[in-house]
Every structure is written in structure tokens, then in C-alpha cells.
Amino acid sequence: MLPQLPSPPFSGFGENASDPTTLLKENTKDSISVLSANCYSHTHIVGNMAAKLSSSMQSTSQDTSLRTKEGVASALAELRQLPVLSVVEEKLHARHQLIDWNVKALQMKESTTKTGKQQFQTLEILHDELTSILNMKNCQGVRPNEYIEREVKWFVAEDVKLICPESGTWVRNQYKRGCDWRQNYLSIKSVLQPYGYNFGEILSSASAASVSGVDVSRIKNLLVDHDTLASCFVEECNHLREIEKVVNVWAAAVNQVLANDSHHLETRYNDLVKVEASRPKGIIANPPRHVVDLWVRVLKWGLDLKTGVESITGMLLQWKETVSFPPQVLVTQDAEFHESVRLTKLLLTSIIVEGQDFMLSKDVSLTPLLSQLRSKTITSFSNGNCARLISRKEVVESSTHGELLLSRVIGAEADLQSGCPLQFVRDIFWRLMACSLIQHSNSGGRVDLNDVKTLSTLCVRDSKVSSSVNKLIGDAEQLQRNATNVVATCLKLLQMNCFLHQNELRKCLVDLQSTQSDFKSQEFESAARLLRSTGVETMIAAKLTSVTWLVDTFSHPIIFDSANGSEQSHSIDRISVDDLRLLYERHPVSVTSRNDLDKEVLRVYNLVKDLHHRAQEWQTTARSLINLDKGSTVSEIIKVETIEALTQSLILSKVTCPELSILKNAVSVALEVKDRLVNELFRDEYHGIDVNKGRLPERSSLLAASGDFLLYRFTGGEMYSAIEKALKSLKEISSRLLVTTEDKATVDWMVKVFDWVTLLRDAVTDQTAVEGPNNMRLVLKVDHALSILEHGHAVFYSIPDEVQQQLFLNKITTKILPRKLSVEMMKQSTFTLGLSLLRWSAMLFECLKVDLDSQDSWKEAVLHVTETYQMFEANGLVSTFGRVTEYNDQVKELVSVAANLVIQDDDLIRSLFRLSNKISNSDVFKMQLEFERVAFEERRFALEKNRFEAPSNIVNARNDHLDSLLARLSSANEDVAVQDDEDTLFLANDASVRDKSRLFLEKSLFKGVETLGMELCQQTRDFVSNLAWELELAIFMKYCSNETLSSEYREKVRSLRFNLQDPKNPMLCTRVVSGQLEIPDLIVMSTDALASKQLKQIRQQVVQDAIKNVVISPGSNEASSGITSELAKKIRIETMKKKSSYTTEKAGSTPHNSPAPNSANSPGSASFSPMQADPPMLSTFNNSTVSELLAAIPPPPMLGNERPAQSLKPPTLDNDAPPSMMMYPPPPHESSSFETSHSHHGHHIPSQDGSEEFSFTISRLKVSFTSKIFIDQSCEFQLDGFLPTSLVEKGRLPVDEFNKFVNEKSRSGKWKVVIMKLSSMSDGENTSSYKRFYKEYESLRRICMFQVSDTTKVFLITPKFLRICKCVNSLKDLSRTSTYVVVITKETLSYCQSN
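Residues numbered from 1 in each chain as written. Predicted model: local features only at pLDDT ≥ 70, side-chain atom pairs only at ≥ 80, totals over all residues. Heavy atoms only, no water.

**Student:** How should helix α52 (residues 1324-1340) be read in this particular structure?
**Tutor:** For an α-helix, the turn length of 3.6 residues means that residues three or four places apart are oriented alike. If you check α52, its first and last C-alpha atoms are 24 Å apart, about what 17 residues at 1.5 Å a residue would give, namely 24 Å. Among all positions of α52, only Gly1324, Asn1326, Thr1327, Ser1329, Tyr1330, Lys1331, Phe1333, Tyr1334, Tyr1337 and Glu1338 are buried. Downstream of α52 by a residue or two, Arg1341 has a phi angle that is positive, lying close to 55°. (Helix = DSSP H or I, 4+ residues; strand = E, 2+ residues; numbered from the N terminus. Expected span 1.5 Å × (residues − 1). Buried < 20%, exposed > 50% of the residue type's maximum accessible area, 1.4 Å probe, protein only.)

As C-alpha cells, this is what we get:
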């Protein structure tokens, strides 16, 4: 806010000088000078005033000087002295006017509440003044400025809320309400003025025609609203009150006409018509015109009815006088009634139709049927008359006088005063309805008792018809009472055990039958028809059905033998299954809702239902075993014990079933088939002379190695005839068995097998298309062979499991595999007929498959060569064949194979012979053959020369080796999955050593593949792994006997490992991988043959040097056992050079009583026998020279804890180490078997059950294996009987987490860590599971955990993790090929006695 400044000195310039508007209008030089001289502080004054005005706008401001009239006037006087007109001055001027206006408005509001209302014109003037202030119409002579005007208007609008909030709102509201009231009045005035009402002004007729009339309620509401206004309309209110008075007078006249009790019907009608004629025009008064018209119609209807009935009465009297009747009163009454009906229809048709709501004496709710009959009766009167209906409801609801008006017209007293015309018409109308009801009932229509009762209540007076109706009602009620009593008695009885009250039940049955006969009798036919809707007759029928069914059920007491709690005699007859089924099918549940069943019916029904279902289930089971309809055998295989149990079912003690005898007969036949099958085919050994008792032929073809046809060796013997005879006998007896038992299924399958062999035998023929001396031998046509193979596949591969089980019980095992079918005899089994049949049939089936495969391969080759020759004939180019020599050899080979095919395709053989003749007669073909022979000889000579000149140049032959290797890869991948089956050949104790050997060979082969430059994809890895597997197996089979690893096995593995990965000898690995060097040839090669050319030269030089240094004793032709001084000195010097390194190695070596580390786990390092005094440096000598040198070296001195020195064998080259190192064989006690390795200083711990075998279950892989656990004697804790026999995997830990876990537990001091080893395994399957386990977990880098309890955990550490698991690194005798068992527990463990 600007500071307060003194006002400028405007004195001395006259009065006009203080008026800025005057100065501005003069626009002279003097005025400009005055303004310039006096404007030094006006900006501060205006700013200060604007700030004060803005502050006064705030509701929280304490300075209220500018909110009063005096403060605003003072501020305006100060601003008017300035030479300019400011916006603040305009705002203050508007506030000054608002303050004056607020005073006027408050005075008017106060006068309205105290002295009375003022004219609306005063309020209107006050409202206009406020509007003028808001629109800023008080500033004249100033140039317009849109921005300033908008700002001032906004200020005025906000200032109204501050200065006059209540008065402004009150004036606006009252002004709006007064305008709305005046507008409503003008609209009423415009409507009523054309009807002659004087309002002081004349309106045009066009405006009056827009509305037909004014509702009187609108006038009343407008007068009420006038009382709530703050202003008044005096003249207008007087006009409205005069109109209201006229309407009230007319309404009073209407009420007088209706309320006067002394008026007759005709007088009341005339008065009401006159009053309606005097209704005020243009006014919609109450009652409205349509209501009064309705009242007039009702009164007019009553007058017409009275007149019509008087006419009918006179005509009836005249009719009685003129017409004569027999002296029979009833007939006379009927004739009079018909005449009355005729006259009524003649004279009162329109009246009855119009007042049909008045035809019934009471306003009752009619049933649907009576409503239909009423409509039918009214229709009989109408005859096409469309008179408008007078609705009783409409009259009653028209106004408060509606009910009074009806009582004046159709009331009993009013009707009596008029001579009872309405009663006369109502009587005729009711009798017509009653006749229609009787007619409807007689015609078979449904009539309820309620219909008749309702109709009787509407009867006006007694008559013949009313008497008939009342009699019908009485009969129906009597029949209903009788039925209700019988049903009640029956319901009471059915709540008890009716089996103990059968007499009462039979009496109730008689009563129900009697009541049902009453319902069906002719006497009560109409009454029974009235009771149909009540359901009484249906209830009687339902109870009769239930009671009848109970009586029939009680006639079979066997049903209640154990249900009622009483002991029945065993002489009670059983119920047949047919009678039981009839009882169940007739049970009352099918006709009665289950909720409506009585207790006894439901109890008996449940007994019958249970017994029926059990019998039906037994029958269903029996019929599922035998086909009674067709007499054929059911295909499902059933055990004989199942049939026997079915014949002894408890249900048969109550129910008789016809299938029982059939099943008993089936059991006897089945037992006979079982005995005959075992005795004739599987029990007794065949004692005849037959080749089948020996080993089956090993040749996988129908043609034996000797050229004999294998099929005839079986079908041509005595055993074949014996089998045929036995199967024929068994088939005959089993055909009488309608149930397919296990033995019958076995017989049927054996017959199918025998029939297949017979089919194969019948398909053999001696007709062959092969030309030459072999054309008389036996063959099979390819079409027949395929059909027989398909038939055999359907026979052998559809053998039921039950048949396989039967064969197993008879010590015969069948292996039905996708690739092979085999039959084997178990231990202690004999050569029976059944065994021989199955063995031969399986062998013949496999031979047939092999022969068909051979024929297919031969066929493909023939088609290929034929297609090639056809291309040659088409283009005439010899290059089509590629190499003619190979093509010619292939054709000759196919011709020779065709002569030996067992399964032949005649057309294809003839085509091949024709092709062979074409080739032999082609000159071009002969010339090309000769050319290729000469070229081949030259190329072979060049290759041999290159081979001997540069044998180590593998780069030149690299592409050939790669092609050969890829070809082997594609063929080997198909057999990779099968190689795992050979694990069964491994010894359990040597499994880890053999696995390690395979791993070393595999790594060596990988290096050879890398030398070739091939990418190590998954396909290549699978091939190399398979090749290493085959190589190790071949070494094992060659050098191991009695399934025990030998030293030759170890030496050969070391030698191959070194030589295959030798970078100086890549040719060896390349030849092995590419297939040029076969595995059988590789494993028998000597060390010299395996070595590279450079190594051979080194060895040869060493031998020559050793020979030169050999000293020959005088007189002796043999070399001395000693060595020269020079050689000894040389050896000594070399020994001293390696002394320090050997001392270090010896210090870290294993003691003599612990196993030496396996050299396979430490490549590049040598392991020595404790008998060695110094490390051998003899890698440059061959074996023979070393033997001579060792003989001259004295043995080392004996240590205190060592064993006696063994006889030394010549050391062999360790091909696993660098060429400069040599290893002695391991000590004799060393072995890969855990048990033998530690049998001298430890034991196998027993489990909690006392067994030494522990079962390890790997949940992730779903495999398990068993093994012993070996604990060293140096262990300080005793774990015998601590661990359970079965250990199940509970989790897997990474190696790092395992180390952390063990470290934390051991440091806490509460947990104990015990380390043991897995020992020997029992069988190949066990070893395979163990192998799968450790390979999987080593690839995942996980440690397997077994949780014994919350305080004991067991871990298995496989060999791969021994180097990185810290808990086992501290062991002195750590074996890198063993799996260790780590036990971590908080339990209290006992200490070993030795510790």
C-alpha cells in the first residue's frame, strides 16, 4: 500500500478547478498547465485509495470506513479534487449508489412485515434501480473503454454481495415471484374473457381459443400463492375471488341433488340434468362434466329398467290369461320362466348389457368358470347390441358421491320403492347362469364345488334350479367327508409297521375300494365331478395303489427276513428275480411324489429297492461274463475265483436267478480247462526226440547257415504234431466255456500262435524266379510274407496281460518290445510243448522281419541301379554311373544276393537279371571298365608312394578324414541311446575306475577332433562319447578276466590316453575317429606302434646308447647284469639333479599303509611305489633295457611300517604323463574297490535296522541305489546304528552354499561333522542309477542333501567336487575317485574306544 500523501494544493483556482471533468472539457493551455503543475501526487492518492477499496472488499478486513456512506462520500470528495477521472472513483461512485439502494430495500422489506403489503409497482421500481447500478448507466460524457467497463462491472457484482447481500436477494426473488403470478393471472384472463367474464380489458378471440377451459384448482392455487407474496395485486385478486364464488355455488347445487333423500328416481334425474346445464362456462369445476354425465346415465338406466320391467309384468299377466297349461305346477313354472326370458331379451337387452355389472346381487369374486358363464349369459342377451357398459367401479371411484348414487339406483330399498324391477332381472339372470352350469357339467366340463357354492350364494329366491344346486352340493360334501375319513385312517395306519398289522391293512384296503367305487357310481357321478379339483379321488387312488402294493409285498416274507428284527425260519421260500422286478416296477414311488410317500411305504420301498438293485447288479455282473442272448463268449478276461465268488453271493439266499446254474457249469468247465492246459502244455516235459529241446538256431533268418529251411525243422518234427494234437483238444473243451477265463484266453492265444506258424508253413513254395542250380530251394513270396508279418504282429503284440501272467506262472517270460520279440525260459523250467511253441514262433517271427528288411534293402538297391541304367540309356553318358566299376560290382552283388533271398519278388528279380544281361552285352560299358581298372592301378601306386614319403602330413588328407568322420557321426547317433544298456557289464566295485577311464579317453578323442578343425557341436560330442565308450569296453573285454580290472587294462588305458592326445602324433587320433583304424586293431597295437615318429626315433636312440654301454664279461657270450661306470655315473648325476624335486614329492606322498592316489586324477604327475628309492628317470629306455638296468639296482632299505618288498616288475611307460616321465605299476593292494581298499583300517557301519546296505532315493531323478558306507578307524565318533536304512533326498545345494553351511555349523561348536565313503554296489542296475545320479548332479554343480531329522543332515559329495569342498580337503587319504558321505548333526555321538 502506498503511504498517505497530503492532498495537492488546489486552492486559488476557483471552484471549477477542483472539478476534473470541467477542466478536461475546456481543453485550454491554462487548464493543461494547471493539470501539469498539480499532478505531482495524484498517482499516489489514486493508488492509496485503490488499496483501501480493495482491502474493504475482504470480509476479514478491520477497516470498514469505505463500507459506510460517509466514508465513501469523503473518499469521493478527495478524488474529485484530482485533475483526472480514475477507475477507483467510478467504483466508489457505484458503491455510494448501492449503499443508498440498500437503505430503500431494507425499508420496503421492513414495511412489508409490519404495516402491510405494497403495490407490485414499488418493488418493480426498486428492482430496476438495482439493475441500472449493475449495468453502469450513471457515468455519462466519458469516452468508453471496454477493459475499464468490464472491471467496474465485476466490482459492482461483487460489491452487491458485500453491501446488500440480503436485500438484493430478497428483491430479486420477490420480483421474480410477482412476475410469475402476474403471468399466470394473465393466462387465466385470456381464457375466461371470451366466455363473458369482465376483467376491464378486451382481449382478442385468437388468444382465448388456445385453451378450452380453466381448472378451478388453478384459480384456488393462484389465490393461495398471492398470500405469500411481499407485494399485492388488489384488482386481480378480486376478479379471481368472484369466479371462485360462482363455482362454489354450482358445486353446492350438485351436492344438494344427490344428498336429498326425499327425491324419487325420476325427480333426482331431472334435477341433476338442470344443474349440469347451469355449469359455469370456461371453468373445469368438480365434479367434472364426464362424471356428472356418468351419474345421469346411471339414473337414466334405473328409469329405463323400471319402465321395461313394468311392461314385461303386464305382458306376462296378459300371457297367463290367454295361454292354458296342464294342471302341473312345475311345467307351468318352467313355461313362465321361458316366457319371462323371452320378453326380457325382447325388451331389456340393451339395458342388461349396459348394466351387466348390476346383474349380481352381491359384489363377490367369481371363480373363473362363473366368470365364463356370466359372460356367456350376457352374450345371449346382446344379440349384436353394442351398448356402452356402465362400470360399477367407475361410478364408485368417480367422486365421494359415487357410492351414494348407486345406493339410490340399485339399492334394495330403492329397488323396493320402484317395484323390484332389479330383483326380477337378477333372478332371470341367475337362473340362466345355473342352467348353463348344469349344462356345462353334464357335457363333461370341469365344475368345482366352489363354483356351485358361489353360485348358490348369488341366488335371489328359491326355485327348482336352486333346489337342484343345493342337493348337488350336499352330495359332494358327503362324498368328500367319507373320502377324508378313509384317507385319514389309511394315513394313520401307514405310519406304523404294517407287516405286524396286516389285518388292519387289508380292512383299510376294502374301505378304499368301497370309497373308490362310490366315486365311480352313477348316483354320485355329478358330485364326484365337483370334487375332482380337490384331488380327493386322486388321493384315494394313490392310497389304494400303495396299500395294494404293500399287501402284495407282504406276501413274500423273505424280503423282511432281517428287516423287521424277527428271526425267520429257513423254510421261507425265496422270491424269484422276475417277481422281485415286478414288485419294484409297480412301486408307488412312480405314481406319487416322494414327499407324499408315507413312512411305511417308504420303508418297504427301500427294502424292495435294495434287494432289487442287488439282484440286478448280480445279474448284470453275471451277464457281463456270459452272453446268454447269442451264446457266444464274452471277450473280457475273468478269473475263475471271481466266478466262484459270484456263485456264492449272499443275494442268492433270498432271490433265485436263472444265471446261477450257467455260472456253476462255467466254473466246472473252467477248472477242467485249467488242469488240461497245465498238464498238456506247461507241466510235463516232452520226452520225444526233437531238435526243439536244444538251443535255437542263432542265425537271424529263416534260412539256416547250413542252407536248411528253419521252419521245417520245427513243423517237420514230432513235437509239432504233439502240439497240434494238444491244442486241438484244448480248443474243443474251451469252446464249451462261455466265460473268458485266464486259461481260456491263454488257450485261444496259443491257438492263434500255432495258426500263425501253420500259415507261415503253408505260404512256403519252391517256385522261384532265380535262374540256376538253386531254383528248387524253398522261398516266400513277398506279398504273402507281408501279410503273414502283419498277421503275426497282430497276434504277438496283442497278447493280454493275463496271458503273460499265466505264462510267467508256468516259468515262461515273454518280452514284447517294439524292436524285438523274445521268449525265455526261467530257471528250473522244462522243455514243455508250450515253451517250444512260443520259442520257435518268436524266433520265426523275428527271422521273418529280418528277411523282410533284407528284401526291402535289396529292393531299394535294385530300383536305384535300374533307375541309373535307365538314365544312361536316355542320355547315353557314361558319367551317369559315376564309377562304372563300382556300379558293375554293385549289380553283381545284387544278383548274388537275389539267389540267397528267402523272401523274393519275382518281377523284381527278373528285372535285375535283364539288367545284368544288358550290362554284360554293352561294349561301351566294357570299355569304361577297362579304363577305370588302369586308372585305379595308377592312382593306388601314387597313393602308396605319397604315403611312405610323407606319412605325417595330415593336412593333405584332412578333407578325406572329415568326410569319413561325418559319415560315422550320422550312423553312430542312431545307436547312442542303446549304448547305455552295456552298463550291466560293469562290475559294481570298478564302476568309478571304468568311468574315469572313459572320461580320459573321451577327452583325448576331443583333442583329436579339435586338431581336425571341427566344431564341437552336440552331435560331435555324442559321437566322441560313444566312441570312447566302445573303446573302453573293448579294452575291458580284451584285458580283463573274471570281471576284475587287471594291470594290463590300466596300462593300455594310460598308453592310449597319452598317444591319442599327443599333439606330435595327430595321425593316430585322426585315423581312429575317421574309422580308418578299427578299435579291435587299436587295442592290440604295441606302445611302439602307437608312438609318434619323433618318439620312435628317441626310443631307438636310447636303445642304441644303452647297447653301446653294456659290458660283456670275458669268456661269456651273455651281457653282464651290471652296468658300466659311465652309465652308472650318468644315472647318478641325473638322480642328483632331480633329488630336490623328488624329496618334495616324497614328503607329500601317501604313507605305505594308505592307498596311493590314482594317476588318472592328476595328469602330468607320476605316482611312485614306496619301494622306489629314487624317482625313475628311465623314460628314454625301452622295456628290455630297463629290465636289465633294474636288475643291477639294489632294493631300498626297509622302513619300520612297510611291508616286505615285492618282486619288481619292469616299469612301463606312463602314457598319461609327459614323455619324459615313467610310472611304476600301483602296489598290489591298491584297487578301485572301496571295500578292499580299506578293509584293513575301517569297517562298514550298520543302519538303525542292523543292515549294512543303505538305500539312497534321488527324488529329482526318481531313481534309487543301494550301497554300503565305509568309516575309517581314525574317525573319533561312533556312527553304528545312527542313520536309517532309507535316505530320501530333501534338497540340493550349490557347492559354495554347502561350504558356507558346513563352515557356519562347525564354527558354532554345537554341530559335529563326520566324513565317510560310499562302498561297493550290488548289481549293474544299481551302478547305472548311481552313475545317472552323479553325472546329473555334477553337471548341475549341486550337492545332494538327505534330511534325517531337524538336527541331522547327510550330504553326498561326488568326485568332481572333492577339490572344492573344504570339509574333505583336509583328509590325508582322500581318494579322488570316491563319493564321500558327510554327516552333520547336533545329536550326541559316542566316541570310539580307540580315540
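Having seen the model, we can carry on.
**Student:** Which parts of the structure should I look at to understand unusual backbone geometry?
**Tutor:** Among all residues except glycine, the phi angle is most often negative; among peptide bonds, the trans geometry is most common. Backbone torsion omega between Asn286 and Pro287 reads 5°, so that peptide bond is classified as cis. Positioned with a positive phi, Lys811 is a non-glycine residue whose angle comes to about 65°. Among the secondary structure elements, Lys811 is positioned in the loop between α34 (801-809) and β9 (812-816). Taking the relative accessible area as the measure of exposure, Lys811 reaches 33% and is therefore partly exposed. For Arg1341, which is not glycine, the phi dihedral falls at a positive 55°.

**Student:** Explain the pattern of salt bridges to me, please; I cannot follow it from the model alone.
**Tutor:** Opposite charge on two side chains allows them to pair when their charged atoms are near. Scanning all chains against the criterion turns up 31 salt bridges. The salt bridge partner of Glu1252 is Lys1268, with a shortest N-O separation of 3.8 Å. Placement of the pair is Glu1252 in the loop between β12 (1242-1244) and β13 (1254-1258) and Lys1268 in the loop between β14 (1263-1267) and β15 (1269-1272), with a sequence separation of 16 residues. Given a relative accessible area of 33%, Glu1252 falls into the partly exposed group. One salt-bridge network, held together by shared partners, links Arg994, Asp995, Arg998 and Glu1032. (Salt bridge = Lys/Arg side-chain N within 4 Å of Asp/Glu carboxyl O.)

**Student:** When you look at helix α26 (residues 577-585) in this model, what are you seeing that I'm missing?
**Tutor:** Along α26, the positions that sit buried rather than exposed are Val577, Leu580, Leu583 and Tyr584. Mapping the buried residues of α26 onto a view down its axis gives an arc of 120°, with all of them on the same face. Among the structural elements, α25 (536-554), β5 (575-576), α27 (599-625) and β6 (655-656) are those in contact with the buried residues of α26. (Arc of directions from axis to C-beta. Contact = heavy atoms within 4.5 Å.)

**Student:** Got a minute to help me understand the side chain of Asp159 in this structure?
**Tutor:** Tracing the sequence through the fold places Asp159 in helix α7 (residues 146-163). Those residues in contact with Asp159, other than ones at most four positions away along the chain, are Met57, Arg95, Leu98 and Cys164.

**Student:** Got a minute to help me understand the sheet that holds β14 in this structure?
**Tutor:** The strands making up a sheet associate through backbone hydrogen bonding, with each pair oriented either parallel or antiparallel. On the basis of which strands lie adjacent, the open sheet formed by nine strands has the order β12-β15-β18-β21-β20-β19-β17-β13-β14 and mixed pairing. On the outer flanks of this sheet lie β12 and β14, each paired with one strand and no other. In this sheet, neighbouring strand axes are inclined to one another by 35° on average, regardless of whether the strands run parallel or antiparallel. Bridge count between β13 and β14: five bridges; the pairing is antiparallel. Among the inter-strand pairings, Phe1256 is bridged to a residue of β14, identified as Phe1265. Across the sheet, α52 is in contact with β13, β14, β17 (1286-1294), β18 (1312-1318), β19 (1342-1349) and β20 (1352-1357); its angle to β14 comes to roughly 115°. (Pairing = 2+ DSSP bridges. Axes fitted to C-alpha atoms, helices over the stretch in contact; angles between N-to-C directions.)

**Student:** What exactly am I supposed to notice about the packing of aromatic side chains here?
**Tutor:** What describes a pair of aromatic rings is the distance from one ring centre to the other and the angle between the planes of the rings. For the structure shown, the criterion picks out 29 aromatic pairs. Taken together, a centroid distance of 6.4 Å and an interplanar angle of 45° make the contact between Tyr1330 and Phe1333 tilted. With Tyr1330 and Phe1333 both in helix α52, this residue pair falls three residues apart, about one helical turn. Here Phe1333 falls in the buried class, since its relative accessible area comes to 1%. Here the aromatic residues Phe1256, Phe1265, Tyr1330, Phe1333, Tyr1334, Tyr1337 and Phe1346 are joined through ring pairs into a cluster of three or more. (Phe/Tyr/Trp six-rings, centres within 6.5 Å; stacked < 30°, edge-to-face > 60°.)

**Student:** Hey, could you run me through a nonpolar patch on the surface in this one?
**Tutor:** On the surface, a nonpolar cluster with roughly 250 Å² of combined accessible area is contributed by Met315, Leu346 and Leu347. Of note, Leu347 is situated in helix α14 (residues 329-347). Take Leu347: its relative accessible area is 35%, and that puts it in the partly exposed class. (Patch = residues over 30% accessible without salt bridge, like charges linked within 9 Å, V, L, I, M, F, W, Y side chains within 5 Å. Areas by Shrake-Rupley, 256 points an atom, 1.4 Å probe, with all protein chains shown as cover.)

**Student:** Help me out: how do you make sense of the nonpolar core in this one?
**Tutor:** Nonpolar side chains in soluble globular proteins generally cluster together in the buried interior. Counting residues in hydrophobic clusters, the biggest one holds 232 residues, and the most contacted among them are Leu92, Trp301, Trp749 and Leu848. A total of 13 residues in this core trace back to one element, the largest contributor, which is helix α13 (residues 289-322). Filtering out sequence-adjacent residues up to four positions away, Leu92 remains in contact with Met49, Leu53, Leu66, Val72, Ala75, Leu76 and Leu79. With 30 residues, the next largest nonpolar core counts Ile1245, Phe1265, Val1314 and Val1381 among its residues. (Core = buried A, V, L, I, M, F, W, Y, C linked by side-chain atoms within 4.5 Å.)

**Student:** Could you clarify how one ought to interpret the packing of α13 against helix α18 (residues 402-410) in this entry?
**Tutor:** Angle between the axes and distance between the axes: these two values describe a pair of packed helices. α18 packs onto α13 with a crossing angle of 10° between their chain directions and a minimal axis gap of 9 Å. When the interaxial angle is binned, α13 and α18 end up roughly parallel. Here the hand of the crossing between α13 and α18 comes out right-handed. Only Leu405, Leu406, Val409 and Ile410 of α18 make contact with α13, whose side of the interface consists of Trp295, Val298, Leu299, Trp301 and Gly302. Tallied by class, the residues present in the contact of α13 with α18 amount to eight nonpolar, one polar and no charged. (Parallel < 35°, antiparallel > 145°, perpendicular 65-115°, else oblique. Left-handed = near helix turned anticlockwise from the far one by under 90°. Nonpolar A, V, L, I, M, F, W, Y, C, P; charged D, E, K, R; others polar.)

**Student:** What is the right way to read the sheet that holds strand β8 (residues 779-781) from this model?
**Tutor:** Strands sit in the order β7-β8-β11 across an open sheet of three strands; the sheet is mixed. If you trace the sheet from one side to the other, it starts and ends with β7 (764-765) and β11 (903-904), each paired once. Taken together, the two bridges between β7 and β8 define a ladder with antiparallel strand orientation. Bridge pairing in β8 places Thr765 opposite Val779.

**Student:** What's the story with the environment of Arg1050 in this structure? I'm lost.
**Tutor:** Along the chain, the position of Arg1050 falls in helix α42 (residues 1047-1060). The spacing of Arg1050 and Cys1040 is 10 residues in sequence and 10.0 Å in space, taken between C-alpha atoms.

**Student:** Would you take a moment to explain the confidence of the model for the chain for this structure?
**Tutor:** Keep in mind that low pLDDT regions are not for reading the predicted coordinates in detail. With 75% of its residues at a pLDDT of 70 or more, the chain has an overall mean of 75. A low-confidence stretch, residues 950-956 (pLDDT under 50), is modelled with six contacts involving residues beyond four sequence positions or located in other chains. The model gives residues 1127-1240 a pLDDT under 50, and that stretch makes 153 contacts with residues more than four places away or in other chains. (pLDDT = per-residue confidence, 0-100.)

**Student:** I tried to follow the environment of Leu999 on my own but got confused; where do I start?
**Tutor:** The residue Leu999 is located in helix α40 (residues 991-1011) in this model. Take Leu999: its relative accessible area is 33%, and that puts it in the partly exposed class. A C-alpha to C-alpha distance of 9.9 Å links Leu999 and Arg1057, two positions 58 residues apart in sequence.

**Student:** Before we go on, may I ask you to explain the pairing of β15 in this structure?
**Tutor:** One face of the sheet, then the other: side chains in a regular strand alternate in exactly this way. The sheet contact formed by β12 and β15 spans three bridges and is antiparallel. Bridge assignment links His1244 to a residue of β15, and that residue is Phe1270. In this structure, β15 lies alongside β18, joined through two bridges in antiparallel fashion. Residue pairing across strands places Phe1270 opposite Lys1317, the latter belonging to β18.

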